[in-house]
Amino acid sequence: MQPAAVLTGQGEPVYQLRNVGKTYARNAITALESVNLTLTKGSFSAVIGSSGCGKSTLLKIMSGLIPPSTGRVVLQNRPVTGPRRDIGMMFQQATLFPWRTTLENIVLPIEIRDGKAAARAAEVQARALLELVGLKGFEHTYPGELSGGMAQRASICRMLITEPAVLLLDEPFSALDELTRDFMNMELQRICSSRNATAFLVTHSIPEAVILSDVVYVMKPRPGRIAEVVTIDLPRPRTLDMMTTPKFGQIVEHIRSRLDKEAFI
């Protein structure tokens, strides 16, 4: 059985998966098997693997959208049995409502949860978040008037407005061009660091996983399970210049070699 992986030196455990498995089609298909991981306060982790290895299934289980078939999922000492307000999700597309302004989109989770009065009260916090991500002055702009990167920054604000304990990120910048994606990754690092946020990223990009993460979980397919836990020993704050260093290249090559190996096992 794969041992539980724990990031040390980062803080107390926030999110824990123990022997998590998922089967479909009346147990005929095993998507995940014996997944163990622990996320600690303020840590940034990523999972990477070939298509069909169970990354999306893992994220759905962690978000409470689907239950595991076996094992336990615990966030802040409480079992995750469904969607929760202390879990923040960000998807590949910004999914902002086009008829709502940027500010109205950001406070929408508060409005849904607590009503319009609470949403109006949350606008002070929303404005502070917009300033944090460099969107001050765009409060009353509609999504169609924002660039892709700006829309994703607004989505980050919407995720943060409920002050979640953990941020689950499903390839949030994959639809952006490479330059904008690099910029957004640095922005994401800065935002997470400023809020001591605990983040978990699903990505197909090895360099993206390495530049952002304290630890990278390499998954093997059929059934999906963690093949290796790679600690990223690079100083913070990370910079794009680090991506040209020999050490960065060695880490990327190591992960790529594991993915190549596991893809055919």
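Everything below is about the structure printed above this text.
Small disclaimer: the values here were computed from a predicted structure and weren't measured.

Caption draft 1: Structural view of the pattern of salt bridges. Applying the stated criterion to the full structure yields ten salt bridges. Residue Arg-84 is joined to Asp-86 by a salt bridge in which the shortest nitrogen-to-oxygen separation is 2.8 Å. No difference in accessibility class separates Arg-84 from Asp-86, as the two residues are buried. For the salt bridge of Arg-181 with Glu-208, the shortest nitrogen-to-oxygen distance reads 2.9 Å. Of this pair, Arg-181 sits in helix α7 (residues 178–195) while Glu-208 sits in helix α8 (residues 206–212); the two residues are 27 residues apart in sequence, bridging distant segments of the chain. Taking the relative accessible area as the measure of exposure, Arg-181 reaches 18% and is therefore buried. What emerges from the salt-bridge pattern is a single network uniting Arg-78, Arg-84 and Asp-86.

Caption draft 2: The environment of Leu-160, seen in detail. By the secondary structure assignment, Leu-160 is in helix α6 (residues 148–160). Sequence separation between Leu-160 and Ile-87 is 73 residues, and the spatial gap between their C-alpha atoms is 9.8 Å. Those residues within four positions of Leu-160 in sequence are excluded, and the remaining contacts are Gln-125, Leu-129, Leu-167, Ile-191 and Arg-195.

Caption draft 3: Examining the state of the cysteines more closely. With the rule as written, the count across this model stands at zero disulfides. Cys-157 forms no disulfide, and the closest cysteine sulfur to it belongs to Cys-192, at a distance of 12 Å.

Caption draft 4: A look at helix α5 (residues 123–132). Every buried residue of α5 is listed here: Ala-126, Leu-129 and Leu-130. Projection of α5 onto a plane perpendicular to its axis shows the buried side chains occupying an angular sector of 100°, all on one side. Among the structural elements, α2 (102–106), α6 and α7 are those in contact with the buried residues of α5. Following α5 by one or two positions, Gly-134 adopts a phi angle in the positive range, close to 80°.

Caption draft 5: The arrangement of the nonpolar core in detail. In terms of nonpolar packing, the biggest core is built from 54 residues, with Leu-169, Val-210 and Ile-255 touching the most fellow members. A per-element tally of this core places α6 first, with seven residues. Beyond its immediate stretch of four places on either side in the chain, Ile-255 contacts Ile-48, Ile-206, Val-210, Val-216, Val-218 and Val-230. Of all hydrophobic cores here, the second largest spans 27 residues; its members include Leu-75, Ile-87, Ala-165 and Leu-168.

Caption draft 6: Unusual backbone geometry, seen in detail. Residue Pro-237 is bonded to the preceding Arg-236 through a cis peptide linkage, with omega at 0°. Its place among the elements puts Pro-237 in the loop between β10 (225–231) and α9 (246–262). Not every positive phi belongs to a glycine, and Asn-77 is a case in point at roughly 65°. With respect to the helices and strands, the residue Asn-77 is situated in the loop between β4 (70–75) and β5 (78–79). For Asn-77, a relative accessible area of 74% gives the class exposed. The phi torsion at Glu-171 lies on the positive side, around 45°, for a residue other than glycine. Counting through the fold element by element, Glu-171 comes out in the loop between β7 (166–170) and α7.

Caption draft 7: A look at the packing of α6 against α7. Packing of α6 against α7 brings their axes to within 11 Å, and their N-to-C directions diverge by 20°. The angle between α6 and α7 falls in the class roughly parallel. For α6 against α7, the interelement crossing comes out right-handed. Facing Gly-149, Gln-152, Arg-153, Ile-156 and Leu-160 of α6, the residues of α7 in contact are Thr-180, Phe-183, Met-184, Glu-187, Leu-188, Ile-191 and Arg-195. The class makeup of the residues in the contact of α6 with α7 is six nonpolar, three polar and three charged.

Caption draft 8: Quick look at the sheet that holds strand β9 (residues 215–220). Taking strand neighbours across the sheet as the criterion, the six strands line up as β6-β7-β8-β3-β9-β10 in an open arrangement whose pairing is mixed. Here the strands that pair on one side only, and so sit at the sheet edges, are β6 (87–90) and β10. Looking at each pair of strands side by side, their axes are set apart by 20° on average, direction ignored.

Calculation criteria
- Starting afresh in each chain, residues are numbered from 1 along the sequence in its written order.
- It should be noted that, the model being predicted, local features are given only for residues of pLDDT at least 70 and side-chain atom pairs only at 80 or more, the latter also being counted only at that level, while totals for whole chains, interfaces and linings use all residues.
- Side-chain metrics rest on all non-hydrogen atoms present in the structure, leaving aside hydrogens and water.
- In the sections that follow, a salt bridge refers to a side-chain nitrogen of Lys or Arg positioned within 4 Å of a carboxyl oxygen of Asp or Glu.
- The cut-offs for exposure are 20% and 50% of the maximum accessible area for each residue type, with area from a 1.4 Å probe on protein chains only; residues under the lower value are buried, those over the upper are exposed, and the others partly exposed.
- A helix here means a DSSP run of H or I that spans at least four residues, while a strand means a run of E at least two residues long, and both kinds are numbered starting from the N terminus.
- Throughout, a residue-residue contact means that at least one pair of heavy atoms, one from each residue, lies within 4.5 Å.
- Criterion for a disulfide: a pair of cysteine sulfur atoms within 2.5 Å.
- When we speak of the arc, we mean the arc of directions from the helix axis to the C-beta atoms.
- We define the nonpolar core as a collection of buried residues of types Ala, Val, Leu, Ile, Met, Phe, Trp, Tyr and Cys that are connected through side-chain atoms lying within 4.5 Å of one another.
- Here an angle of 0 to 180 degrees is reported between the N-to-C directions of two axes, which are lines fitted to C-alpha atoms, with helices fitted over the stretch in contact.
- Roughly parallel refers to an angle under 35 degrees, roughly antiparallel to one over 145, roughly perpendicular to one between 65 and 115, and oblique to any angle outside these ranges.
- The sense of a crossing depends on the near helix, which, turned anticlockwise from the far helix by less than a right angle, makes the crossing left-handed and, turned clockwise, makes it right-handed.
- Only Asp, Glu, Lys and Arg are considered charged, only Ala, Val, Leu, Ile, Met, Phe, Trp, Tyr, Cys and Pro nonpolar, and every remaining residue, Gly among them, polar.
- At least two bridges found by DSSP between two strands are what make those strands a pair.

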